Amino acid sequence: MDTNELLKKVRKIEIKAKGLSQNIFAGEYHSAFKGRGMTFSEVREYQYGDDVRDIDWNVTARHNRPYIKVYEEERELTVMLLVDVSGSKNFGAVGIDKSDMMTEIAATLAFSAIENNDKVGVLLFSDRVEKFIPPQKGRKHILLLIRELLNFKPTGRGTDLNMALEYLTKVIKKRCSAFLISDFIDSGDYSRSMTIANSKHDLIAIQVYDKREAQMPNVGLMKVADAETGAERWIDTGSKRVRQAYDKWWYQRQLAMSGTLQRSKVDLASISTSDDYVKALMVLFKRRAVAH
């Protein structure tokens, strides 16, 4: 897109995302992620109502009465946005394109972060690391991130979540909150790298999908193409057996993904392009605020 069109889209997304982050997400964002940047401060005697998980057993054993660890919240926190820019992101049959929704979600999270005085960085990935933008603060930096998300042309077309998570673990040394925004169309095994990434950072998964990916429509003979490999084939969507086989494939894929995330203790928000992502993020934030 040309410069004027790009600037208009950036401005439109800024107005929407900034409004959401200021008016809707402000409190929920801080509550949901306040525990991700904690540093040890001191120990003190246990008091009624303290979390037993904070008991320092070594000090407790020495003094023969319970002591707990006291933590301070770090004032400067870091947010990393890992955004899938593979070929499948351009699919859009119901609602907006996946790429547009991913960009809006990333922008909203970025503005929520800077409202909280956090630093924000971006990792764009496909089947390779396409671009890494180190975390910084400020509106100017956020607008740069949005421009990249809108106008970036990836080299690769496939998806490699494993590689993206390993890169995050390697380059970001300080604990951060990392949002993995993807459609999770990846046939590889990323369970180990996800577990490692979540042990070092606070990892949150946001799946963006189109309803036509979840359920095949009955439209007769149809030529389909794999957005990531380019492979084409004809399928008979009028066949009930074909549709049922596809539905089963989708269900099993979702089951495998959610199982991997649960075992890795990673929170998930799964959002259709025809759904309101604002509601989905609010549910995610409130769920995390209660859990923490």
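Residues numbered from 1 in each chain as written. Predicted model: local features only at pLDDT ≥ 70, side-chain atom pairs only at ≥ 80, totals over all residues. Heavy atoms only, no water.

Explain the environment of alanine 289 here, please?
As for its position among the elements, alanine 289 is in helix H10 (residues 277-291). For alanine 289, a relative accessible area of 29% corresponds to the partly exposed category. (Helix = DSSP H or I, 4+ residues; strand = E, 2+ residues; numbered from the N terminus. Buried < 20%, exposed > 50% of the residue type's maximum accessible area, 1.4 Å probe, protein only.)

Would you explain the pairing of strand E3 (residues 78-84) in this entry?
Two faces belong to every sheet, and in a regular strand the side chains alternate between them. By the criterion of burial, E3 is predominantly enclosed, with seven of the seven residues buried. Alternating residues of E3 divide into Thr78, Met80, Leu82 and Asp84 and Val79, Leu81 and Val83, and every residue in both groups is buried. Two strands pair when backbone bridges link them, and E3 and strand E4 (residues 119-125) are joined in this way by seven bridges, in the parallel orientation. Bridging from a neighbouring strand, methionine 80 pairs with glycine 121 of E4. Taken together, the five bridges between E3 and strand E6 (residues 177-182) define a ladder with parallel strand orientation. Its bridge partner being in E6, valine 83 is matched across the sheet by isoleucine 181. (Pairing = 2+ DSSP bridges.)

Please clarify how the packing of aromatic side chains should be interpreted in this entry.
Each pair of aromatic rings is reported with the distance of its centres and the angle of its planes. Summed over all chains, the structure comprises four aromatic pairs. Look at tyrosine 209 and tryptophan 250: their rings are 5.6 Å apart centre to centre, the planes differ by 50 degrees, and that puts the pair in the tilted class. Placement of the pair is tyrosine 209 in strand E7 (residues 202-209) and tryptophan 250 in helix H9 (residues 240-263), with a sequence separation of 41 residues. With relative accessibility at 16%, the residue tyrosine 209 sits in the buried group. For tryptophan 250, a relative accessible area of 9% translates into the label buried. Centre to centre, the rings of tyrosine 246 and tryptophan 249 are 5.4 Å apart; their planes meet at 40 degrees, and the pair counts as tilted. With tyrosine 246 and tryptophan 249 both in helix H9 and three residues apart, this pair spans about one turn of that helix. (Phe/Tyr/Trp six-rings, centres within 6.5 Å; stacked < 30°, edge-to-face > 60°.)

Please explain the sheet that holds E3 as it appears in this structure.
Remark on secondary structure: sheet strands pair via backbone hydrogen bonds, oriented parallel or antiparallel. Strand order in the open sheet formed by six strands is E5-E4-E3-E6-E7-E10, with mixed pairing between adjacent strands. Each of the sheet's edge strands pairs with one partner strand only, and the pair in question is strand E5 (129-136) and strand E10 (267-272). With direction set aside, neighbouring strand axes in the sheet form an average angle of 15 degrees. When E4 meets E5, the two strands line up antiparallel, connected through five bridges. (Axes fitted to C-alpha atoms, helices over the stretch in contact; angles between N-to-C directions.)

Looking at this structure, how should I read the pattern of salt bridges?
Think of it this way: side chains of opposite charge can pair up when their charged atoms draw near. Here the structure, examined in full by the defined rule, presents ten salt bridges. Between arginine 44 and aspartate 50 there is a salt bridge; the shortest N-O distance is 2.9 Å. In this structure aspartate 50 comes out as buried when scored by relative accessible area, which is 17%. Put simply, Lys98, Asp183 and Glu213 are held in one network by salt bridges that share partners. (Salt bridge = Lys/Arg side-chain N within 4 Å of Asp/Glu carboxyl O.)

Looking at this structure, I do not really get the side chain of serine 86. What am I missing?
With respect to the helices, strands and loops of the structure, serine 86 is situated in the loop between E3 and helix H4 (98-115). Take serine 86: its relative accessible area is 0%, and that puts it in the buried class. A polar side-chain atom of serine 86 sits 2.7 Å from a polar atom in the side chain of aspartate 84. A polar atom in the side chain of serine 86 sits 3.0 Å from the side chain of threonine 159. (Polar contact = N/O pair within 3.5 Å; in protein donor to acceptor, adjacent residues only side chain to side chain.)

Is there a simple way to think about the nonpolar core in this case?
Nonpolar side chains tend toward joint burial in soluble globular proteins. By size, the foremost hydrophobic cluster in this structure holds 46 residues, and its most contacted members are Leu81, Ile105, Ile146, Phe179, Ile181 and Ile206. Looking at this core, the element that brings in the most residues is H4, giving ten residues. Isoleucine 206 has contacts with Ile105, Leu109, Phe179, Leu180, Ile181, Ser182, Phe184, Ala269, Ile271 and Leu281, leaving out every residue within four places of it along the chain. Within the second largest apolar cluster, 22 residues are counted, among which are Leu82, Phe125, Ile172 and Leu203. (Core = buried A, V, L, I, M, F, W, Y, C linked by side-chain atoms within 4.5 Å. Contact = heavy atoms within 4.5 Å.)

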